[in-house]
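What follows is the residue order along each chain.
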Amino acid sequence: MTTIFFMWGFLTCLNDILIPHLKAVFELSYARVMLIQFTFFGAYFLMSLPSGRLVAALGYKKGIVAGLAIAGIGALGFWPAAALHNYEAFLGALFVLATGITVLQVAANPYVALLGPERTSSSRLTLAQALNSAGTAIAPIFGGLLILANTVKSGDEVSQMSAVEQAAYRAQEASSVQGPYLGLAVVLFLLAIFVWLFRLPALEESTEKADTSKHTLKDALRYPHVFFGVLGIFFYVGSEVSIGSFLVNYLHMPEIGNFSEKEATHYVSAYWTLAMIGRFIGSALLVKVSPRLLLGLFAIINLVLLLTTMTTTGMVAVYSVVAIGLFNSIMFPTIFSLGIEGLGPLTGKASSLLIMAIVGGALMPYIQGLFADHIGVQHAFFIPLIGYAYIVFYGFSGSKVRAVPTTTH
């Protein structure tokens, strides 16, 4: 299971490297290049309910195999997209890839949470997510070496080349994306075969097959801790993805780090590496400390770090923005496991809702991109600031399991 978490972390974080590469190749504005995250995380919103139905029909194990196969097909789509030199084709391939990861998220997150006692589900999911972070830590270095290794020429520089040189240059740009994603497609298909051959417990009592009264999504949302948890995932993923998406461009700014794009990828890797370290530490802490308390405290620390990032320059701004990764660490798995707490056969419905909320990663970076085009990248960080403020509320209050209001007839 942890291998699968590693893989989807790797694929998700590779977007942070695709963004500066495609921004330069297609000469896009910040808002337009954020369509990468909009497409990727938008798939979670659109495909979460179909994925929930697929997993309910197939069960957890076959659902995971299907997710890996769909993601593999999406990764293969990067080959024709790069050959066509078409931005929309990239977005299409990315949507298919993200659909596969949505199926994986719907199946794998609750599955890991259920593989043991409920009391330690936060700790278990945090440990699996630590491997997810290992993927996100390695991806920027891999992407920096293979995708951002060559300096992308501006439109003016390309127009001064001869037709033959232009064709050769475009082919070289395409191949820098084709190779890595072709390799990833092969790995995904091999993983699907591996899971298919592996014996995994069915855990059918917590799937929709065990739901004799056929509950709806609305029934799950009537639980306040589920409703607030959905908003928690929306704001957390939106904040995390917004920061990661802008890191390379932010650190490239002369008054901040003045790094080349390739050098900046090392700091993006550090951001995600700290998230991985935080998850290993957090997994141990969560066995002893209340997940609600730890979540609230980490969100407060991130508010302070983000304010520092917005109000300083130079290496202080660099270190404060990178340090946010450490305290992001436990947030997703903790919000997720608190959101499905004590739901029994409704677990699958709540899980689908929580995965839909990952759409925050589509909307918040795009909104931040609009502001970045007008008020600059540094000031636009007020968007994730709002997200962390909400998580403080969720940790200390919104995540408490309350009685469901009974409907009067």
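Quick summary incoming for the structure in this document. (Residues numbered from 1 in each chain as written. Predicted model: local features only at pLDDT ≥ 70, side-chain atom pairs only at ≥ 80, totals over all residues. Heavy atoms only, no water.)

When you go through the chain residue by residue, the secondary structure sums to 18 helices and zero strands. The C-alpha atoms of the chain give a radius of gyration of 21 Å, which matches the 22 Å a tight globule of 409 residues would have. Overall, the chain is about 75 × 45 × 40 Å in size when its C-alpha atoms are taken along their principal axes. Every one of the 409 residues in the chain was classed for burial, and the buried ones make up 57%. For the chain, the accessible area works out to roughly 15900 Å², and carbon and sulfur atoms hold 69% of it. Seen as two clouds, the 21 positive and the 19 negative side-chain charges of the chain have centres 14 Å apart. (Helix = DSSP H or I, 4+ residues; strand = E, 2+ residues; numbered from the N terminus. Rg over C-alpha atoms; globule rule 2.2 N^0.38 Å. Buried < 20%, exposed > 50% of the residue type's maximum accessible area, 1.4 Å probe, protein only. Areas by Shrake-Rupley, 256 points an atom, 1.4 Å probe, with all protein chains shown as cover. Lys, Arg positive; Asp, Glu negative; His and termini not counted. Charge placed at Lys NZ, Arg CZ, Asp CG, Glu CD.)

Turning our attention to the pattern of salt bridges. Tallied over the full model, the rule gives two salt bridges. Among the ionic pairs, Arg32 bridges to Glu88, the shortest N-O distance being 3.1 Å. Residue Arg32 is found in helix H2 (residues 30-33), and its partner Glu88 is found in helix H6 (residues 87-114); the two are separated by 56 residues along the sequence. In this structure, the salt-bridge partner of Arg292 is Glu341, at a minimum N-O distance of 3.0 Å. Pair noted here: Arg292 is in helix H13 (residues 291-311) and Glu341 is in the loop between helix H15 (331-339) and helix H16 (347-356), with a separation of 49 residues, a long-range link. (Salt bridge = Lys/Arg side-chain N within 4 Å of Asp/Glu carboxyl O.)

Residues Phe38, Leu363, Ile367, Phe371 and Ile375 make up a contiguous nonpolar surface patch of about 380 Å² in total accessible area. Tallying contributions element by element places helix H17 (residues 360-375) first for the nonpolar patch, with four residues. (Patch = residues over 30% accessible without salt bridge, like charges linked within 9 Å, V, L, I, M, F, W, Y side chains within 5 Å.)

Glancing now at the environment of Leu191. With respect to the secondary-structure elements, Leu191 resides in helix H9 (residues 163-197). Leu191 gets classed as buried once you look at its relative accessible area, which sits at 9%. It is 7.8 Å that separates the C-alpha atoms of Leu191 and Ile4, two residues lying 187 residues apart in sequence.

Looking now at the side chain of Gln37. As for its placement among the helices and strands, Gln37 is situated in helix H3 (residues 35-58). With a relative accessible area of 1%, Gln37 lands in the buried category. Among the polar contacts made by the side chain of Gln37, one reaches the side chain of Ser245 at a distance of 2.8 Å. (Polar contact = N/O pair within 3.5 Å; in protein donor to acceptor, adjacent residues only side chain to side chain.)

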